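Observations on the three-dimensional arrangement
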Number of protein chains: 2
Amino acid sequence: MRGFEQAEFEDRTSRAQDLMQEHGLDALLLTTEPDVRYFSGFLTRFWESPTRPWFLVVPATGKPVAVIPSIGAALMAQTWIEDIRTWTAPDLADDGVSLLAETLRELVPDDGLIGCPDGHETHLRMPLAGFGRLKSEIDRRRITGDLGILRDLRMVKSQAEIKKIETACRIAGEAFERVPEIAAAGVPLDQVFRRFQMLCLDQGADWVPYLAGAADQGGYGDVISPATQQPLKPGDVLMLDTGLVWDGYFCDFDRNWSVGPASPAVRAAHHALIDATEAAFEQARPGATASDLYHAMNSVLSRGGGGTEAGRLGHGLGMSLTEWPSLIPTDHTVLKPGMVLTLEPGIEVGSKILVHEENVLITEGAPRFLSPKAGREIPEL
Amino acid sequence: MRGFEQAEFEDRTSRAQDLMQEHGLDALLLTTEPDVRYFSGFLTRFWESPTRPWFLVVPATGKPVAVIPSIGAALMAQTWIEDIRTWTAPDLADDGVSLLAETLRELVPDDGLIGCPDGHETHLRMPLAGFGRLKSEIDRRRITGDLGILRDLRMVKSQAEIKKIETACRIAGEAFERVPEIAAAGVPLDQVFRRFQMLCLDQGADWVPYLAGAADQGGYGDVISPATQQPLKPGDVLMLDTGLVWDGYFCDFDRNWSVGPASPAVRAAHHALIDATEAAFEQARPGATASDLYHAMNSVLSRGGGGTEAGRLGHGLGMSLTEWPSLIPTDHTVLKPGMVLTLEPGIEVGSKILVHEENVLITEGAPRFLSPKAGREIPEL
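From a predicted model like this one, the values you see are computed outputs, not experimental measurements. (Residues numbered from 1 in each chain as written. Chains lettered and ligands numbered in written order. Predicted model: local features only at pLDDT ≥ 70, side-chain atom pairs only at ≥ 80, totals over all residues. Heavy atoms only, no water.)

1. A closer look at the overall build of chain A
The cut-off we apply is this: Under the scheme used here, helices are H or I runs from DSSP no shorter than 4 residues and strands are E runs no shorter than 2 residues, and both carry numbers assigned from the N terminus. Relative accessibility thresholds used throughout: buried, under 20% of the residue-type maximum; exposed, over 50%; partly exposed, between the two (1.4 Å probe, protein chains only). Whether two residues are in contact is decided by their heavy atoms: any pair within 4.5 Å suffices. The Shrake-Rupley method, run with a 1.4 Å probe, gives the accessible areas here. Residue values count only the displayed protein chains as cover. Counting rule for charge: Lys and Arg are taken as positive, Asp and Glu as negative, and neither His nor the chain ends is counted. A charged residue contributes its charge at one atom only: NZ of Lys, CZ of Arg, CG of Asp or CD of Glu.
Each helix and strand in chain A was counted, giving 11 helices and 17 strands. Considering only C-alpha atoms, chain A reaches an extent of 70 × 40 × 35 Å along its principal axes. When burial is assessed residue by residue, chain A has 62% of its 381 residues classed as buried. Contacts in chain A between residues far apart in sequence, at least 24 positions, make up 70% of those at least 6 positions apart. Surface accessibility of chain A: about 13,100 Å² in total, with carbon and sulfur atoms responsible for 49%. With 35 positive and 54 negative side-chain charges, chain A shows a spacing of 1 Å between the two charge centroids.

Here is the structure:
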């Protein structure tokens, strides 16, 4: 099923309002695509345009209030949001700031506190100058951080959200299965990238916001470079890592292939990556922490060639390609049922690296792979 | 050719430094994908992950300095940037802020002024709390707006940039030509969206960050909603609007089709849209303003059904899907050779709308269509 029942948004809003009360916040001010969508269901690729700011205010009680450009009014009216206030954007003199200030003055008590996400992995999606003016137009009300409320809410997924991520994972899994149709020695890497995105769409992806990958002899140099026009050649390890979207939710996992027979070093590295993934999977139960999963993987990897420069060995995912928490030694987030994580070990092979990634769901008991778990042997093209 | 000659980045940097001197700025601090890429050439889809902040500092003299997560070091080292400072991100305690502050203290005089884009169409891509801490760690140095320097630079494209936009336009034009292969009565709109993205990739797009569209009887309701599963039916007007990317540069234009014969009202609306586009095209020469183009289109449209809720009738484009200026009555930006604009008139047809869009280049003399100009008659599927 596409979209959500209205109960989903009522539940998200009421949980937010409970946390707001607990933290002494009188409203939340949201400006980014996932945060606005989380409470409204407002789903559009129009955010690709940086021109117009969009605002959603979650008051202490009642439904969220949308303060948005008029071009979005028709679509927002299809959501459960009723109070939709619009201005004709772009407005070079006042791009929604006065309307937003007026809305905050109406919804928030005189000396009230407005929470706006300001911590790790967040940003404010409106011009800084406009934000400064906003703060001066809300009298004694103050804007502070959201005290992690959005992070805490979005980190634990509902059953309906999990189904969407699972659908995205299934589609990507089917596309990965078909990679031998499009990749072989002699095919340029940039053509493999194009054809792989076509496979993702053909299997049912709504769109493919993220594709990374690489191919080089016995491993690759990094995992964020765009595709070169270099043809695949025997001895290359090809890696493709996709974040495709189905109904607004991401998967994020990768696969490796050897072009022709893999060297013993590459085979061993792939074994280590799968073993590391398994080690973290074994630990991935409620009560364990993000750092526990890091250490589970790292202890396997350090027996091999050692880690990479990626900075972490996995992360949350959902409405964004990457979300909280991070699988690093210092992230002590306690795992809860409903969290969806990537396990993403990377290993050095000589001067190159190999990276593997799977998506898992934390449940009450044993975790569950949402991505179709890769085999221990690196497949051959 | 992919990428740019080093001279392109030297030129961009030296023009920025001239403007900085003129405006009394000692450095620029950049945080968003296009702004960082403009001065560095750092091209990656990894920005899709909101986790890590990335910084580029343009000092008063010399090359820009990158302050970035270690995962990006290998790719940044392939650009012309030499001074690359990295930290292992994510770091929950200090995600690059101290390293950035140290860099600013080194590059900017004690009482220096650091310009950070803060105006219309900009945002700060780092956590607000981190920005607050940054400001407290640079002693007497102050962070202010960039006084429009990024806007003024990016708005006028080089020959090399124009070629990339032209390539993106050509690819989209070829994909639009092939729409009759994938769209006909009975085909669900969401399948048309998927197949059209596949056509864009098949014709050579690197990726398809933006696709909007709609289909309904005699016009559509809005232009930003996601595709429904509704099959196309006779009497529908189908619109597809793509922002596909080639080597980091966007096109942004659309096409309309009538499923079966078009009604007289739809045909007349399409005529008016093409006539409005032509009217703006005639005016699109150096010295005219963005508002002149708005008025040229609006005078044609108001003879028809009247305008839409879009808020503007076109905009700049380039490294982003939408850029400055806006074709609105209050934007008096003077057109210069090298600007690339969309002409995007919309018109009401009863309770529905139709929107048309082309991409044009401002030259010393007559403008030039970068998109393959649509015919006056709405084509039939």
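2. Observations regarding the packing of aromatic side chains
As a reminder, the rule being used: For Phe, Tyr and Trp, where Trp contributes only its six-membered ring, two rings pair if their centres lie within 6.5 Å, and the inter-plane angle classes them as stacked under 30 degrees, edge-to-face over 60, or tilted in between.
Inspection of every chain in the model, using the stated rule, returns 26 aromatic pairs over all chains. With a centroid separation of 5.7 Å and 85° between ring planes, the pair formed by Phe 4 of chain A and Phe 9 of chain A is classed as edge-to-face. An identical accessibility class is assigned to Phe 4 of chain A and Phe 9 of chain A; each is buried. Ring geometry for Phe 176 of chain B and Trp 257 of chain B: centres 6.0 Å apart, planes at 45°, overall tilted.

3. Here we look at the sheet that holds strand β6 (residues 142–144) of chain B
Residues and elements named next belong to chain B. As a reminder, the rule being used: A pair of strands counts as paired when DSSP detects no fewer than two bridges linking them. Angles run from 0 to 180 degrees between N-to-C directions of axes, and those axes are lines fitted to C-alpha atoms, restricted for helices to the stretch in contact.
Spatially, β4-β3-β2-β1-β5-β6 is the arrangement adopted by the six strands of the open sheet, whose pairing is mixed. Pairing within the sheet leaves two strands with one partner each, and these edge strands are β4 (84–87) and β6. This sheet shows a mean twist of 25° between the axes of neighbouring strands, independent of strand direction. Alignment of strand β1 (residues 27–30) against strand β2 (residues 55–59), held across four bridges, turns out to be antiparallel.

4. Digging into the environment of Gly 24 of chain A
With respect to the secondary-structure elements, Gly 24 of chain A resides in the loop between α1 (6–23) and β1 (27–30). The spacing of Gly 24 of chain A and Gly 115 of chain A is 91 residues in sequence and 9.4 Å in space, taken between C-alpha atoms.

5. Remarks on the interface of chain B and chain A
Often the size quoted for an interface is simply the accessible area lost on bringing the parts together. Quick reminder of the rule: Two parts placed together each lose some accessible area under a 1.4 Å probe, and adding up what both lose gives the buried area. Here a salt bridge means any side-chain nitrogen of Lys or Arg lying within 4 Å of a carboxyl oxygen belonging to Asp or Glu. Within 3.5 Å is the distance limit for a polar contact, defined as a pair of N or O atoms, with the added protein rule that one can donate a hydrogen and the other accept it, and that residues adjacent in sequence qualify only through two side-chain atoms. Throughout this entry, Asp, Glu, Lys and Arg are counted as charged residues, while Ala, Val, Leu, Ile, Met, Phe, Trp, Tyr, Cys and Pro are counted as nonpolar. The remaining residues, Gly among them, count as polar.
Between chain B and chain A, the contact holds 71 residues from the first and 70 residues from the second. Summing both sides of the interface, chain B and chain A together bury roughly 5,900 Å²; the carbon and sulfur share of this comes to 58%. Taken together, the links from chain B to chain A amount to four salt bridges. A salt bridge links Asp 206 of chain A to Arg 194 of chain B; the shortest N-O distance between them is 2.9 Å. Linking chain B with chain A are 30 residue pairs in polar contact (both at pLDDT 80 or more). Listing elements by their share of the side of chain B that touches chain A, those giving two or more residues are α3 (73–76), α5 (128–136), α8 (189–202) and β7 (207–217) of chain B. For the side of chain B that touches chain A, the leading source of residues is α8 of chain B, giving six residues. Classifying every residue of the side of chain B that touches chain A gives 33 nonpolar, 21 polar and 17 charged.

6. Considerations on the packing of helix α10 (residues 264–283) of chain A against helix α11 (residues 290–303) of chain A
Residues and elements named next belong to chain A. Note the cut-off: Angle categories are assigned with fixed cut-offs, so that under 35 degrees is roughly parallel, over 145 is roughly antiparallel, 65 to 115 is roughly perpendicular, and the rest are oblique. Left-handed describes a crossing whose near helix is turned anticlockwise from the far helix by less than a right angle; the clockwise case is right-handed.
Contact geometry of α10 with α11 gives a least axis separation of 8 Å together with a crossing angle of 150°. Here α10 is positioned roughly antiparallel relative to α11, judged by the angle of their axes. Judged by the sense of rotation from one axis to the other, the crossing of α10 with α11 is right-handed. Where α10 abuts α11, its residues Ala 272, Leu 273, Asp 275, Ala 276, Ala 279, Ala 280 and Gln 283 lie against Leu 293, Ala 296, Met 297, Val 300 and Leu 301. Partitioned by chemical class, the residues of the contact of α10 with α11 number 10 nonpolar, one polar and one charged.

7. Here's the deal with the relation of the copies chain B and chain A
Here is the rule: Only residues with pLDDT of at least 70 in both copies contribute their C-alpha atoms to the least-squares superposition of the copies.
For the match of chain B to chain A, the screw axis carries a shift of 0.0 Å, the RMSD comes to 0.0 Å, and the turn is 180°. Seen this way, the second copy is the image of the first under a two-fold rotation axis. Relative to the rotation axis, the closest C-alpha in chain B is found at Met 198 of chain B, a distance of 2.6 Å. Of all interface residues in chain B, 99% are interface residues in chain A too; the two copies therefore contact each other through one and the same surface.

8. A closer look at the state of the cysteines
What counts is decided by this rule: Cysteine sulfur pairs qualify as disulfides if the two atoms are within 2.5 Å.
Applying the stated rule across the entire model yields zero disulfides over all chains. Here Cys 116 of chain A is not disulfide-linked; the sulfur of Cys 116 of chain B is the nearest cysteine sulfur, at 16 Å. Left without a disulfide partner, Cys 251 of chain B is nearest to the cysteine sulfur of Cys 169 of chain B, which lies 5.1 Å away.

9. Points about the nonpolar core
For clarity, the cut-off: As used here, the term nonpolar core means buried Ala, Val, Leu, Ile, Met, Phe, Trp, Tyr and Cys residues forming a set that is joined through side-chain atoms within 4.5 Å.
In terms of nonpolar packing, the biggest core is built from 219 residues, with Phe 196 and Leu 240 of chain A together with Phe 196 and Leu 240 of chain B touching the most fellow members. Not counting the four nearest positions on each side in its chain, Phe 196 of chain B is found in contact with Ala 175, Phe 176, Val 179, Ile 182, Leu 211, Leu 240 and Thr 242 of chain B. If you look at the next biggest cluster of nonpolar residues, it comprises 44 residues, including Val 108 of chain A together with Leu 29, Val 57 and Leu 100 of chain B.

10. Some points on the domain arrangement of chain A
Residue and element names in this part refer to chain A. As a reminder of what qualifies: Either an automatic procedure or a domain database provided the assignment from which the domain bounds are taken.
Partitioning chain A into structural domains gives domain 1 (6–154) and domain 2 (159–369). Computed over C-alpha atoms, the centres of domain 1 and domain 2 are 33 Å apart. Counting from both sides, the interface comprises 13 residues of domain 1 and, opposite them, 14 residues of domain 2. Taken together, the two surfaces of domain 1 and domain 2 that pack against each other cover about 1,200 Å², and 52% of this comes from carbon and sulfur. For the domain 1 face of the interface with domain 2, the top three residues by lost area are Arg 45, Glu 121 and Arg 154, together amounting to 43%.

11. What about empty space enclosed by the protein?
Rule in force here: Every definition here rests on a 1 Å grid over the protein atoms only: cavities are sets of points where a 1.4 Å probe fits but cannot get out, pockets are open sets enclosed by protein on both sides within 12 Å along at least five of seven lines, and lining residues have some atom within 4 Å of a point. Grid points are joined across faces, edges and corners, and a volume is the space filled by probe spheres set on the points.
What the rule picks out here adds up to eight cavities of 30 Å³ or more. The computed volume of the largest cavity comes to approximately 220 Å³. Along the walls of the largest cavity sit 21 residues, with Phe 46 and Ile 71 of chain A together with Val 223, His 315 and Glu 344 of chain B positioned nearest its centre. Residue composition of the lining of the largest cavity, grouped by class: 10 nonpolar, five polar and six charged.

12. Quick look at the UniProt feature "domain: Creatinase N-terminal" (unreviewed entry) in chain A
In plain terms, the rule: UniProt positions are given in the numbering used here, feature names are shortened, and annotations may be inferred rather than shown by experiment.
UniProt records the feature "domain: Creatinase N-terminal" (unreviewed entry) at residues 12–156 of chain A, using the numbering of this structure. Secondary structure content for residues 12–156 of chain A is 35% helix and 17% strand, and the end C-alpha separation is 11 Å.

13. Here's the deal with the sheet that holds strand β4 (residues 83–87) of chain A
All names here are of chain A. Taking strand neighbours across the sheet as the criterion, the six strands line up as β4-β3-β2-β1-β5-β6 in an open arrangement whose pairing is mixed. Whereas interior strands pair on both sides, the edge strands pair on one side only; in this sheet they are β4 and β6 (142–144). Strand-to-strand twist in this sheet, taken as the mean axis angle between neighbours without regard to direction, amounts to 25°. Relative to strand β3 (residues 65–69), strand β2 (residues 55–59) runs antiparallel, the two being bridged by three bridges. Paired with Val 57 across the bridge in β3 is Val 65. Sitting on the sheet, helix α2 (residues 33–40) is in contact with β1 and β2, with an inclination near 50° to β2.

14. Thoughts on helix α9 (residues 264–283) of chain B
Defined as follows: Take the residue count of a helix, subtract one, and multiply by 1.5 Å to get its expected span.
The first and last C-alpha atoms of α9 of chain B sit 29 Å apart over 20 residues, in line with the 28 Å expected at 1.5 Å per residue. The set of residues buried in α9 of chain B consists of Val 266, Ala 269, His 270, His 271, Ala 272, Leu 273, Ile 274, Ala 276, Thr 277, Ala 280 and Phe 281 of chain B.

15. Points about the side chain of Arg 125 of chain B
Among the structural elements, Arg 125 of chain B can be located in the loop between β5 (113–115) and α5. Despite its burial, Arg 125 of chain B pairs with no opposite charge; the closest candidate is Glu 48 of chain B, at 8.7 Å N-O. At a separation of 2.9 Å, a polar atom in the side chain of Arg 125 of chain B contacts the main-chain carbonyl oxygen of Ser 49 of chain B. Residue contacts for Arg 125 of chain B: discarding those within four places in its chain leaves His 123 of chain A together with Thr 31, Thr 32, Trp 47, Ser 49, Pro 50, Arg 52, Pro 53 and Trp 54 of chain B.

16. With respect to the side chain of Thr 289 of chain A
The residue Thr 289 of chain A is located in the loop between α10 and α11 in this model. When residues no more than four places from it in sequence are discounted, the contact partners of Thr 289 of chain A are His 332, Thr 333, Val 334 and Leu 335 of chain A.

17. Digging into the pattern of salt bridges
Counting across every chain of the model gives 60 salt bridges over all chains. Note that Arg 133 of chain A and Asp 94 of chain A form a salt bridge whose closest N and O atoms lie 2.9 Å from each other. On the criterion of sequence distance, the pair formed by Arg 133 of chain A in helix α5 (residues 128–136) and Asp 94 of chain A in the loop between β4 and α4 (97–107) is long-range, its members being 39 residues apart. The salt bridge involving Arg 195 of chain A is made with Asp 202 of chain B; its shortest N-O contact spans 3.0 Å. Taken together, the residues span two chains, with Arg 195 of chain A in helix α9 (residues 189–202) and Asp 202 of chain B in helix α8. Residue class for Arg 195 of chain A comes out partly exposed when judged on its relative accessible area of 29%. Salt bridges here are not isolated pairs; linked through shared partners, they connect Arg 2, Lys 164, Asp 206 and Asp 247 of chain A together with Arg 194 of chain B.

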